[in-house]
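Remarks on the overall topology
Spelled out, the chains give:
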Amino acid sequence: MDYLPIFIDIKHQPCLVVGGGDVAYRKINLLLKADAAVTCVAKECCEEIRKLAKSKKIKYIKKAFIKSDINAQMLIISATDNVNLNARVSALAKEVNIPVNVVDSPALCSFVMPSIVDRSPIIIAVSSAGKAPVLARLVRAKLESSIPHAYGKLAELAGDFRDKVKQKLNNIESRRHFWEKIFSGIVAEKVFSGKIEEAKADLQAQLGEHVDDKTGEVYLVGAGPGDADLLTFKALRLMQQADVILYDRLVSDEVMELVRRDAELIYVGKECANHTVAQGDINQLLVDLAKQGRRVCRLKGGDPFIFGRGGEEIETLAENNVPFQVVPGITAASGCSTYSGIPLTHRDYSQSLRFVTGHLKDGTMNLPWDELVVEQQTIVFYMALIGAKYLSKQLMAHGMRANMPVALIERGTTPEHKVYVTTLMELSNLVENTNIHAPTLIIVGEVVKLREKLNWFEA
Ligand code: SAH
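Procedures and definitions
- Residues numbered from 1 in each chain as written.
- Predicted model: local features only at pLDDT ≥ 70, side-chain atom pairs only at ≥ 80, totals over all residues.
- Heavy atoms only, no water.
- Patch = residues over 30% accessible without salt bridge, like charges linked within 9 Å, V, L, I, M, F, W, Y side chains within 5 Å.
- Areas by Shrake-Rupley, 256 points an atom, 1.4 Å probe, with all protein chains shown as cover.
- Salt bridge = Lys/Arg side-chain N within 4 Å of Asp/Glu carboxyl O.
- Lys, Arg positive; Asp, Glu negative; His and termini not counted.
- Charge placed at Lys NZ, Arg CZ, Asp CG, Glu CD.
- Helix = DSSP H or I, 4+ residues; strand = E, 2+ residues; numbered from the N terminus.
- Buried < 20%, exposed > 50% of the residue type's maximum accessible area, 1.4 Å probe, protein only.
- Near = heavy atom within 4 Å.
- Polar contact = N/O pair within 3.5 Å; in protein donor to acceptor, adjacent residues only side chain to side chain.
- Phe/Tyr/Trp six-rings, centres within 6.5 Å; stacked < 30°, edge-to-face > 60°.
- Lys NZ or Arg CZ within 6 Å of the ring centre and 35° of its normal.
- Domains from an automatic or database assignment.
- Contact = heavy atoms within 4.5 Å.
- Disulfide = S-S within 2.5 Å.
- Pairing = 2+ DSSP bridges.
- Axes fitted to C-alpha atoms, helices over the stretch in contact; angles between N-to-C directions.
- Parallel < 35°, antiparallel > 145°, perpendicular 65-115°, else oblique.
- Left-handed = near helix turned anticlockwise from the far one by under 90°.
- Nonpolar A, V, L, I, M, F, W, Y, C, P; charged D, E, K, R; others polar.

Taken together, Asp229, Asp253, Glu254, Glu257 and Glu416 make up a surface patch of like negative charges. Here glutamate 416 lies in the loop between β15 (405-410) and β16 (418-423).

Shown next, in the form of structure tokens:
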């Protein structure tokens, strides 16, 4: 270890910043976050520092740095662009053993400033000992994305209950168990969704004698259209905390790679009209698993509430008093159009947008065709590959021009992403004579033309 990581209490302690530019300003802000009494010494300073001084948040002394400025300081940061001055500040500070940091000069520092993930009171500091600050920042970005913002609130809550828990549970092992359950269960989830008072009540109840912790929870999670980078932070967190994962064909392999390693995986299929597990059985399975006390993640392609029957699944949960959360996902229309360079709306071509299901029932689609055939509107058909011929016929019969541009997007956003551009007239011909596979999305509208200029993903 090149450096000892420590957290110092600098509340109301004198800290000196030499320099008055943007970098100095950033360091001052950091010191202020930890409530330091900051003095800034510089011949000139930026507007922001001037404002801080004016509002008495710091003391600014407009002058050149001299030796006596370091007297009685607890920490010193030198952030000037004068190499000699930085070296002098460093030497003087080291002489009297005051910790000193010189921005961008590890050799002159006796302490380095880490990259920080701030979930106060939880603070994570990352350092590369000055060797690769950019890498440290990347590590920080990874941590930022995987640690919920409300961890701070969770830690505060735990702090409030710490003594009570200690009194109630007198051995370390049972306290550890208790807190593990709290931090990965319903109390934590309530804190994450901002229901602090409910979380407090639950925590209190779980500390009490009659704890009913038999019921688990269901997370109905939108897994997006395929590219795992399109998952939300929340989706990823819940996927990694669930004990059981129920997934279907639309969830990409790449996304499945990210679920908790030791979770039980249950495939519930779902190909059109060929459900591996009937919808009613899926609904019931969710209830049964949760009632066994398990945390169940129901992963669905795209967004669970857009042609995903997510509503039906949670209706059954609600009827059975099973707690649940729903996480929206990027729906196929959004992912596929974006990755194909087709903006769904555009000031010149389309002011409205319709999402419709093109699922054939008894050989037809029950759609309000007159409402679909209007100027300046984009229509996105889900589940319409088999019904493509029927829909093109209907749209033309209701007055849409035969050369209206149409895009078919196969396995959008995945490495197999493929786009076919045609016209309404040619659509059925294309589908009949080309080997296009599900899942495929169909976009009808003038906006399809924009792809010629805006296609970025395949390019
Ligand atoms: N809930 C999902 C939609 C489920 S319906 C969502 O919000 O995206 C299934 C239909 O979605 C498929 O028939 C297809 O039309 C479309 N779809 C889903 N993922 C797709 C993808 N990666 N590429 C193309 N179409 C997709």
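Here we take up the pattern of salt bridges. In the structure shown here, the tally under the stated rule is 26 salt bridges. A salt bridge links arginine 298 to aspartate 248; the shortest N-O distance between them is 3.3 Å. Taken together, the residues arginine 298 in strand β11 (residues 295-300) and aspartate 248 in the loop between β9 (244-247) and α10 (253-256) connect sequence positions 50 residues apart. The same class applies to arginine 298 and to aspartate 248, which are both buried. Of the charged contacts in the structure, one is a salt bridge between arginine 260 and aspartate 262, with a shortest N-O distance of 2.7 Å. Taking the relative accessible area as the measure of exposure, aspartate 262 reaches 59% and is therefore exposed. Residues participating in the shared-partner salt-bridge network are Asp243, Arg260, Asp262 and Arg295.

This part takes up the site of the ligand. The environment of the ligand is made up of 18 residues, and the closest members are Asp303, Ile306, Thr331, Gly412 and Thr440. Contact distances for the ligand include 2.7 Å between a nitrogen atom and a backbone N or O atom of isoleucine 306. Between the ligand and the protein, one listed contact pairs an oxygen atom with a side-chain N or O atom of threonine 331 at 2.6 Å. In isolation the ligand offers 540 Å² of accessible surface; the protein chains occlude 93% of this area. When contributions to the shell around the ligand are tallied by element, the ones reaching two or more residues are α13 (332-339) and β17 (440-444).

Attention now goes to the packing of aromatic side chains. Enumeration over the complete set of coordinates arrives at ten aromatic pairs. Ring centres 5.2 Å apart and planes at 65° place the aromatic pair tyrosine 339 and tryptophan 456 in the edge-to-face group. Of this pair, tyrosine 339 sits in helix α13 while tryptophan 456 is found in the segment after α17 (451-454), placing the two residues 117 residues apart along the sequence. For tyrosine 339, a relative accessible area of 10% gives the class buried. Members of the aromatic cluster, each reached through a chain of ring pairs, are Phe178, Trp179 and Phe183. Here lysine 164 stacks its cationic end above the ring of phenylalanine 161, 4.9 Å away from the centre of that ring.

As assigned here, the protein chain comprises domain 1 (14-113), domain 2 (151-207), domain 3 (217-330) and domain 4 (333-454). Each of domain 1 and domain 4 was reduced to a C-alpha centroid, and the two centroids are 61 Å apart.

To continue, consider the environment of tyrosine 339. As for tyrosine 339 and alanine 242, which are separated by 97 residues in sequence, their C-alpha atoms are 30 Å apart. Among all residues touching tyrosine 339, those that are not within four sequence positions of it are Asp227, Leu230, Thr413, His417, Asn455, Trp456, Phe457 and Glu458. Of the polar contacts made by the side chain of tyrosine 339, one reaches the side chain of aspartate 227; its length is 2.8 Å.

Once that is clear, we can look at the state of the cysteines. Considering all chains together, one arrives at zero disulfides under this definition. The closest cysteine sulfur to the non-disulfide-bonded cysteine 109 is located on cysteine 15, 15 Å from its own sulfur. What makes cysteine 109 buried here is its relative accessible area of 10%.

Taken together, five strands build an open sheet; the order of strands is β3-β2-β1-β4-β5 and the sheet is parallel. Here the strands that pair on one side only, and so sit at the sheet edges, are β3 (59-62) and β5 (100-102). Shown here is a sheet whose adjacent strand axes are inclined to one another by a mean of 15°, direction ignored. Summarising the sheet, strand β1 (residues 14-18) and strand β4 (residues 75-78) pair through four bridges and their orientation is parallel. Note on β4: the bridge partner recorded for valine 18 is serine 78.

Moving on, we come to the pairing of β17. Burial of β17 is extensive: five of the five residues sit out of reach of the surface. Residues Thr440, Ile442 and Val444 point to one face of β17 and Leu441 and Ile443 to the other, with burial holding for every one of them. One ladder, built from three bridges, connects strand β14 (residues 377-382) with β17; its direction is antiparallel. Residue valine 380 lies in a different strand from β17, and its bridge partner there is isoleucine 443. Judged from the five bridges that link them, β15 and β17 form a sheet pairing that is antiparallel. Considered in β17, the bridge of leucine 408 is made with isoleucine 442.

Helix packing for two helices is described by the angle between their axes and how far apart those axes are. Running from amino to carboxyl end, helix α6 (residues 172-183) crosses helix α8 (residues 196-207) at an angle of 150°, the nearest separation of the two axes being 12 Å. Between α6 and α8, the interaxial angle falls into the category roughly antiparallel. Considering the relative orientation of α6 and α8, their crossing is right-handed. Facing Phe178, Trp179, Lys181 and Ile182 of α6, the residues of α8 in contact are Leu203, Gln206 and Leu207. Here the residues of the contact of α6 with α8 sort into five nonpolar, one polar and one charged.

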